[in-house]
Each structure stands twice: as structure tokens, then as C-alpha cells.
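So the chains spell out like this:
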Amino acid sequence: MKDTLPKATVLTRLALFAALVLSAFPIYWMFIIATRSNDVVGQVPPPLLPGGNLGENLERLWGMRDANFLLGLTNSAIVATTVTVSVVLLSSLAGFAFAKLRFKGRNQLLVVVLLTMAVPLQQMGIIPLYIMMVKLGWAGELKAVILPFLVNAFGVFFMRQYAEQAIPDELIEAARVDGCSTLRIYWSIVLPALRPAIAVLGLLTFMQTWNEFIWPMVVLTPSNPTVQLSLSALNGAHFQDYTLVFTGTALSTLPLIVIFVLFGRQIVGGIMEGAVK
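Definitions and limits used
Residues numbered from 1 in each chain as written. Predicted model: local features only at pLDDT ≥ 70, side-chain atom pairs only at ≥ 80, totals over all residues. Heavy atoms only, no water. 1 Å grid on protein atoms, 1.4 Å probe; cavity = no way out; pocket = protein on both sides within 12 Å on 5 of 7 lines; lining within 4 Å. Points joined across faces, edges and corners; volume = space filled by probe spheres on them. Helix = DSSP H or I, 4+ residues; strand = E, 2+ residues; numbered from the N terminus. Nonpolar A, V, L, I, M, F, W, Y, C, P; charged D, E, K, R; others polar. Phe/Tyr/Trp six-rings, centres within 6.5 Å; stacked < 30°, edge-to-face > 60°. Buried < 20%, exposed > 50% of the residue type's maximum accessible area, 1.4 Å probe, protein only. Salt bridge = Lys/Arg side-chain N within 4 Å of Asp/Glu carboxyl O.

Engineer: Explain the layout of surface pockets to me, please; I cannot follow it from the model alone.
Structural biologist: Where empty space is left in the structure can be found by rolling a water-sized probe over the atoms. Of the pockets and cavities examined, the largest pocket occupies roughly 870 Å³. Lining the largest pocket are 33 residues, and of these Pro148, Phe149, Val151, Asn152 and Gln208 sit closest to its centre. Among the secondary structure elements, those contributing two or more residues to the lining of the largest pocket are helix 3 (69–100), helix 4 (106–117), helix 5 (121–136), helix 7 (153–166), helix 10 (195–210) and helix 11 (214–219). Here the lining of the largest pocket is built from residues that sort into 22 nonpolar, 10 polar and 1 charged.

Engineer: What should I look at first to understand the packing of aromatic side chains in this one?
Structural biologist: What the rule picks out here adds up to 6 aromatic pairs. When the centroid spacing of 6.3 Å and the interplanar angle of 35° are considered together, the rings of Phe96 and Tyr186 count as tilted. Of the two residues, Phe96 is situated in helix 3 and Tyr186 in helix 9 (residues 182–193); the sequence distance between them amounts to 90 residues. Side by side, Phe96 and Tyr186 carry an identical accessibility label, which is buried. With a centroid separation of 5.8 Å and 15° between ring planes, the pair formed by Phe154 and Phe158 is classed as stacked.

Engineer: Got a minute to help me understand the pattern of salt bridges in this structure?
Structural biologist: If charged atoms from side chains of opposite charge come close, those side chains can pair. According to the stated counting rule, one finds 3 salt bridges in the structure shown. Its salt-bridge partner being Lys100, residue Asp169 comes within 2.8 Å of it at the nearest N-O pair. One end of the pair, Asp169, is in helix 8 (residues 169–177); the other, Lys100, is in helix 3, with 69 residues separating them in the sequence. Given the relative accessible area of 36%, Asp169 is considered partly exposed. Measuring nitrogen to oxygen at the nearest pair gives 4.0 Å for the salt bridge that ties Arg160 to Glu164.

Written out as C-alpha cells, the structure reads:
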């Protein structure tokens, strides 16, 4: 038993390292090509070290008027941040209410929320939603891609499940005895207890909103794109400039990588903390 355990540990680590290399290499190669010229894209073996063309590629990227890449990055940052803050706030409020507050029709409302998760609302509702945006005069504006996603059923259900497990009823009752209002209980007790779930939901929501393509393509115009529409414009050019596409893709991926590097440890630690509780 003593001899097999270290071998199993070594094999596990080797397998994890191999999986890490296979997963990370395409991203690394994307950044490498972003610093190179088009003549090395199909090179075998592929280049593994950065080149000296990053400045030139960035200059050409900013100069692509059809792509509006800088505007796309800015718009995506605004949309993803706004939607993430709203989803986290409203989902935590609704999750707390469904988990710890007693009111008439609570279970029926929760069933309605769960049923909406079973319906592909974006695919089925894209036409009536677009008609609604046109009638409101919001077509082509950022609020058309923000408002429909300010809350989602998954976030409410996720927060409800976490609050049910992480917050004891006795703690809520003790706060009420001390004279705390419902909002004060939410702010001072519930919100700190939900931080692990908030971190996970915030990251998932930001990534999903940042990568959203179908709805922005329908409701926005090329003159006011998100970053995914800008990438589509680069990819749809008559001449396939791979270094330009890879440079744009690398820039659009960079914010997600930075967020994960900054908050990944907190997210994993929060998940483990919630699991221990």
C-alpha cells in the first residue's frame, strides 16, 4: 500500500499536467501568432516563441474601420459588467427570499422560475424580443443587449440552493430578535455568507455575457458592436488575415484570463469553504 500510493500520486500529477498542456497550448499559440506575421501561421513545427510584430498587428487592428474593435471592447466591458452586477444583486436577493423568507405562493413562484430554465428563451423569444426593442426604439443601442439579461433563472436557483445550505435559520431569527430589518439581514448577514456563490455566479455571468454573439448580432449594428461582432467582422473579411484575427481574439480573451487569475483562487477557496460548511 505504501508503494502504490506515491505511484498513483505521480501518475495523477502527470495526467493533470498533460491535460493542462493540451488545454493551454492553443491559447498560448494564439498569443504567439498575435506577435508574428502571416507567413508562420501554417509553419510545421509551429513557432513557440513570440515574434516582433505585435505592435504592427495592433496598429492594423485599431485601423480596421469595419471592425470597430476598440469600441467593441468598450461596449462588451460595459454590457458584461452591468449584467454581472445586476444578476448577482437580484439573484442573491431572490435566492435569499426563496430560501429563508416565508410568503404565500413561494413554492409556486419557484416552480415558475425552474420552468423558465427548461425553455430556450433566447432561441424561442428572439423574434418577439427584437420586435419589443424596435417598438421601444432601442434597436442598435447597448441597453437592448443589457436589459433582457439583468436577471436569470439559473442565478436565482443557484443562490437559493446555496443560501438554503449556508445560512442557518437560527441566525436569521437571532438578527430579527436584535431588531434587524429584512434588508439589514440581507446586507449584514446573507450577503457575506453568499460570497463564495457570488464569486462563482459573477464569473460565469461575466464570461457568458462577454462571449454572447447571437443576440448582439440581431439587435446591434456594425457601427456599435460588441467585441464578438468585431471579431466576426475580422473573420469575415475577403482576405483572411490570420494574425489580425488572432490578435483580436487574444485581446478579447485577455480580460477573461485576467479576471480568472485575479479571482480564481478566491472562487476555488470559496467553493471549498462552502463545501466544508
